[in-house]
Amino acid sequence: MGLPYFKAYDVRGTVPDQVNPGVAGRVARAFAEWSRSEEVLVGRDARLSSPALAEAVIGGLLDAGVTVHDVGLVSTPMLNFAVARRRRHGMMVTASHNPKHYNGIKFIDPNAEQIYYGRGLEAIEALVAASAEKGRPAPSAAGGHVVLAPVLQEYEEHLVRAFRDAGLAARSAVVDCSNGVGGLALGMLERLGLRYTLLYHVPDGNFPNHECDTLRPKNLDALRRTVVERKADLGIMFDGDADRVAFVDEQGAIAPVDLIFVLLARQELERGKGRVFYDLRFSRTVKEEIERLGGRPVTMRVGNPFYKEAIHRHADGLLAAELSGHIMYREHFGIDDSLFAALKLLSYLARRKEPLSALLAPLRRWAGSGELRIRTERPADVIAAIRSAFPGGTVEEIDGVTLNFADWWINVRPSNTEPVVKLVMEAAGAGLLAGRMDEMRAVVARAGGTIEH
């Protein structure tokens, strides 16, 4: 990744110094050359810079002789839905959950799978780098043209068909759209009978009410208050492009994604058995419950593109989730769609008398640290020190190093972008977790690192 705006899974950076219309146009022409696609779907989110960047992407594709299907202002799941239905490549102008001064481009193949570094993105980067040296090529003699291709109605109809018999009238929800594009399709909730309250559903690239990152607890403060005030059954928050989701229970407490995923997996495994793919940072409860229900748990490395591939590659793949809030279903093209996942959870709650907090309570049998950061200039040394300090467990190297013991486990993995090691630990009780964490701090300190809080 030589160019600063090429990341592991997409193009992304600050506007306008890293990502700007010139960059977007070159990237689009490179994508057209690499994909050899005659037709490409283009969508954009609500960021202030997105209209100009989308126009530049369309211009670059037209120069390459590509027919552009302009999907317009959409969520990333809506763009992916259109890609899956039409079996064409797609480009989405978005920076997902990042602050407002960021933007970027996601690349989608006709299977609705993301193109990432190691699966074509590195070749696109090489073409962009070469074009920067050669200058802008002459437009294709064939020329391209633009076709307006709205997808909202088709997407809404798909969701209504999927959930019309889910009994959603029995439950209520508060939905925080973060002033992103997650609110575009919520009109269909009335057709499903759901009682709901909307927060910050008007798209606004300034994100005036709070940032659009679902992983930052402070961003859920308004949602938590409103759930309690309205006596709602569930709180739902979408990130900026609505491919990540966070949930709040009826008491206003943030619900852990991994335990929510247990409920969603239970729902699917009641209908049929198969593989369930999950983040290696998830609680051990996830594996225990999937096995108890007769499913096949499959631990995955971090990175949501790999989960989509896994669902598509295995005929018995049912659903998948990553700790950041990406949740994917085979029946929904493997798309990480926050609205689809939220409707799934609401349909699960609608068929049970207990509130969400009561359903989650028996699953809280392991004490977890959450994901912590170890600040260090020597990530490899820190990981090696932790590995040698705790012998006797089983070792997995799916992503970084995971050490498994009977009553506790730990995963440590280096960051791809900064001098940090990510740490997740879980133990059979809070006291054991605290003790192991004290030991871990001492080991990390001796190796030249500091665990941040």
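Preceding this paragraph is the structure being described.
Residues numbered from 1 in each chain as written. Predicted model: local features only at pLDDT ≥ 70, side-chain atom pairs only at ≥ 80, totals over all residues. Heavy atoms only, no water.

### Observations concerning the packing of aromatic side chains
Line of reasoning, step 1. All chains considered together, the criterion is met by 13 aromatic pairs.
Line of reasoning, step 2. A centroid spacing of 5.1 Å and a plane angle of 80 degrees characterise the contact between Tyr116 and Phe306, whose relative ring orientation is edge-to-face. Of this pair, Tyr116 sits in the loop between β5 (102–108) and α4 (121–134) while Phe306 sits in helix α9 (residues 304–313), and the two are 190 residues apart along the sequence.
Line of reasoning, step 3. The class of Tyr116 is buried, set by a relative accessible area of 10%.
Line of reasoning, step 4. The interplanar angle of 5 degrees and the centroid separation of 4.7 Å between the aromatic rings of Phe405 and Trp408 together place this pair among those described as stacked. As far as the burial class goes, Phe405 and Trp408 line up, both buried.
Line of reasoning, step 5. Linked through ring pairs, Tyr9, Tyr116 and Phe306 together constitute an aromatic cluster. (Phe/Tyr/Trp six-rings, centres within 6.5 Å; stacked < 30°, edge-to-face > 60°. Helix = DSSP H or I, 4+ residues; strand = E, 2+ residues; numbered from the N terminus. Buried < 20%, exposed > 50% of the residue type's maximum accessible area, 1.4 Å probe, protein only.)

### Focus on the sheet that holds β5
Line of reasoning, step 1. Strand order across the open sheet formed by 6 strands is β1-β5-β4-β2-β3-β6, with mixed pairing between neighbours. What marks the edges here is a single partner per strand, and that holds for β1 (11–14) and β6 (146–148). The average undirected angle you get between the axes of adjacent strands in this sheet is 20 degrees.
Line of reasoning, step 2. Relative to β6, strand β3 (residues 67–73) runs parallel, the two being bridged by 3 bridges. What sits directly across from His69, in β6, is Val147. (Pairing = 2+ DSSP bridges. Axes fitted to C-alpha atoms, helices over the stretch in contact; angles between N-to-C directions.)

### Things to note about helix α5 (residues 152–163)
What sets the pattern is the α-helix's 3.6 residues per turn: residues three or four places apart point alike.
Line of reasoning, step 1. Its 12 residues give α5 an end-to-end C-alpha distance of 17 Å, which sits within 8% of 16 Å, the value for a rise of 1.5 Å per residue.
Line of reasoning, step 2. For α5, the set of buried residues is Tyr155, Glu156, His158, Leu159, Val160 and Phe163.
Line of reasoning, step 3. The inward-facing, buried residues of α5 abut α3 (76–86) and α10 (338–350). (Expected span 1.5 Å × (residues − 1). Contact = heavy atoms within 4.5 Å.)

### Comments concerning the pairing of strand β14 (residues 317–321)
Line of reasoning, step 1. Of all 5 residues making up β14, 5 are buried, and the element is well covered by its neighbours.
Line of reasoning, step 2. The sheet contact formed by strand β12 (residues 275–279) and β14 spans 4 bridges and is parallel. Among the inter-strand pairings, Phe277 is bridged to a residue of β14, identified as Ala320.
Line of reasoning, step 3. With 3 bridges connecting them, β14 and strand β15 (residues 327–329) associate as antiparallel partners. Residue pairing for β15: Leu319 is matched across the bridge by Tyr329.

### Topic: the packing of helix α1 (residues 21–35) against helix α2 (residues 50–63)
Line of reasoning, step 1. One can describe the packing of α1 onto α2 by two numbers: an axis separation of 7 Å at closest approach and a directional angle of 40 degrees. Judged by the sense of rotation from one axis to the other, the crossing of α1 with α2 is right-handed. Residue-level contacts link Pro21, Ala24, Gly25, Ala28, Arg29 and Ala32 of α1 to Ala52, Leu53, Ala56, Val57, Gly60, Leu61 and Asp63 of α2.
Line of reasoning, step 2. Taken together, the residues of the contact of α1 with α2 break down into 9 nonpolar, 2 polar and 2 charged. (Left-handed = near helix turned anticlockwise from the far one by under 90°. Nonpolar A, V, L, I, M, F, W, Y, C, P; charged D, E, K, R; others polar.)

### Focus on empty space enclosed by the protein
Line of reasoning, step 1. Here the structure, examined in full by the defined rule, presents 2 cavities of 30 Å³ or more.
Line of reasoning, step 2. Estimated volume of the largest cavity: approximately 60 Å³.
Line of reasoning, step 3. Along the walls of the largest cavity sit 13 residues, with Ser75, Tyr155, Gly182, Ala242 and Leu339 positioned nearest its centre.
Line of reasoning, step 4. Within the residue set of the lining of the largest cavity, elements represented by two or more residues are α3 and α10.
Line of reasoning, step 5. For the lining of the largest cavity, the residue count by class is 9 nonpolar, 3 polar and 1 charged.
Line of reasoning, step 6. By volume, the second largest cavity amounts to about 40 Å³.
Line of reasoning, step 7. Lining the second largest cavity are Val175, Leu189, Leu194, Ile236, Phe238, Leu339, Ala342, Leu343 and Leu346.
Line of reasoning, step 8. Elements supplying a minimum of two residues to the lining of the second largest cavity: β9 (234–238) and α10.
Line of reasoning, step 9. Take the lining of the second largest cavity: its biggest share by element is 4 residues, from α10. (1 Å grid on protein atoms, 1.4 Å probe; cavity = no way out; pocket = protein on both sides within 12 Å on 5 of 7 lines; lining within 4 Å. Points joined across faces, edges and corners; volume = space filled by probe spheres on them.)

### Remarks on the sheet that holds strand β8 (residues 195–199)
Line of reasoning, step 1. Spatial ordering of the open sheet is given by β8-β7-β9-β10-β11, a layout of 5 strands whose pairing is mixed. With partners counted over all chains shown, the strands left at the sheet margins are β8 and β11 (254–255), one partner each.
Line of reasoning, step 2. In the sheet, strand β7 (residues 172–176) pairs with β8 via 5 bridges, with the strands oriented parallel. Residue pairing in the sheet places Val174 in a bridge with Thr197 of β8.
Line of reasoning, step 3. Across the sheet, α10 touches β7, β9 and β10 (245–248), and the angle it forms with β9 is around 170 degrees.

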